[in-house]
Amino acid sequence: MTRSSDQLRAQHDALHLAYRWFAFFEAPGSALAPHLEIFDPQVRLSGHQARHLFADDRDSLAAWFSTVPGERSSHHILHAAFEPAPQGTSRLNMLVAYQAMRPTGVQGAIIRYETELSHGPDGARFLSLDKTPILPDTQAHFAPSWAANRVLAL
């Protein structure tokens, strides 16, 4: 493989994981065990520009997933910037339009995600994710994303 094709493959793998991350939240009854395989055993999940730590390994990430409300939600990647990093890692930064169906109607936010991934012979895994809401999403109508994210994950 050439350096260029390696970088394209790494970018594809990073986006594949991003779509899988979001699709998990969008469908009821998603299986947690296979989903956890997209994360490094020492994965770090933080929020608000790393000021709040949600999880610092797979076990604490599994515990965090159990606290996520089961409401219908959607996640549309508005913009993604991929950056290769040294020693088999990369960064994927995204702006995501998030919406959730609540009893009071649609609520949402534009969230900045900053992620770091490892790339190896067994594929890519998230090393870290930081999610920081930066703006409200004021769309009045819910825009489902599950089907699109499942297709894009392929």
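Structural data are supplied above this passage.
What comes next is a walk through the structure.

What counts, and where the lines are drawn
- Once a new chain begins, its residue numbering starts again from 1 and follows that chain's sequence as written.
- In keeping with the predicted nature of the model, local features appear solely for residues at pLDDT of at least 70, side-chain atom pairs appear and are counted solely at 80 or more, and the whole-chain, interface and lining totals rest on all residues.
- Note that water and hydrogens are dropped before the side-chain values are worked out from all heavy atoms of the structure.
- Each aromatic pair joins two rings of Phe, Tyr and Trp (for Trp, the six-membered one) with centres within 6.5 Å, and gets the label stacked for planes under 30 degrees apart, edge-to-face for over 60, and tilted for any other angle.
- To qualify as a helix, a DSSP run of H or I must reach at least 4 residues; to qualify as a strand, a run of E must reach at least 2; elements of each kind are numbered from the N terminus.
- Here the term buried applies to any residue with accessible area under 20% of the maximum for its type, exposed to any over 50%, and partly exposed to those in between, with areas from a 1.4 Å probe on protein chains only.
- Throughout this description, the term charge over a ring refers to an Arg CZ or Lys NZ atom that lies within 6 Å of the ring centre and within 35 degrees of the ring normal.

## Here we look at the packing of aromatic side chains
Tallying each qualifying case throughout the model produces eight aromatic pairs. Summarising the aromatic geometry, the rings of Trp21 and Phe39 are spaced 5.7 Å apart at their centres and angled 80° between planes, so their arrangement reads as edge-to-face. Separated by 18 residues along the polypeptide, Trp21 in helix H1 (residues 3-26) and Phe39 in strand S1 (residues 39-47) bring together distant segments of the chain. Comparing Trp21 with Phe39 shows no difference in burial state: the two are buried. Aromatic pair Phe22 and Tyr113: ring centres 5.2 Å apart, planes at 80°, arrangement edge-to-face. Of this pair, Phe22 sits in helix H1 while Tyr113 sits in strand S5 (residues 105-120), and the two are 91 residues apart along the sequence. Chaining the aromatic ring pairs together yields one cluster made of Trp21, Phe39, Phe54, Trp64, Phe65 and Phe126. Its end group placed over the ring of Phe54, Lys131 keeps NZ or CZ at 6.0 Å from the ring centre.

## Points about unusual backbone geometry
Positive phi is not limited to glycine here, since His48 has a value of about 55°. Here His48 lies in the loop between S1 and strand S2 (52-55). Even without glycine at this site, Gln49 takes up a positive phi of about 55°. Structurally, Gln49 can be placed in the loop between S1 and S2.

## Topic: the environment of Arg20
By the secondary structure assignment, Arg20 is in helix H1. Since its relative accessible area comes to 26%, Arg20 is described here as partly exposed. Remark: the alpha-carbon pair of Arg20 and Val151, spanning 131 residues in sequence, is separated by 9.8 Å.

Any functional reading would require information that these geometric values do not contain.
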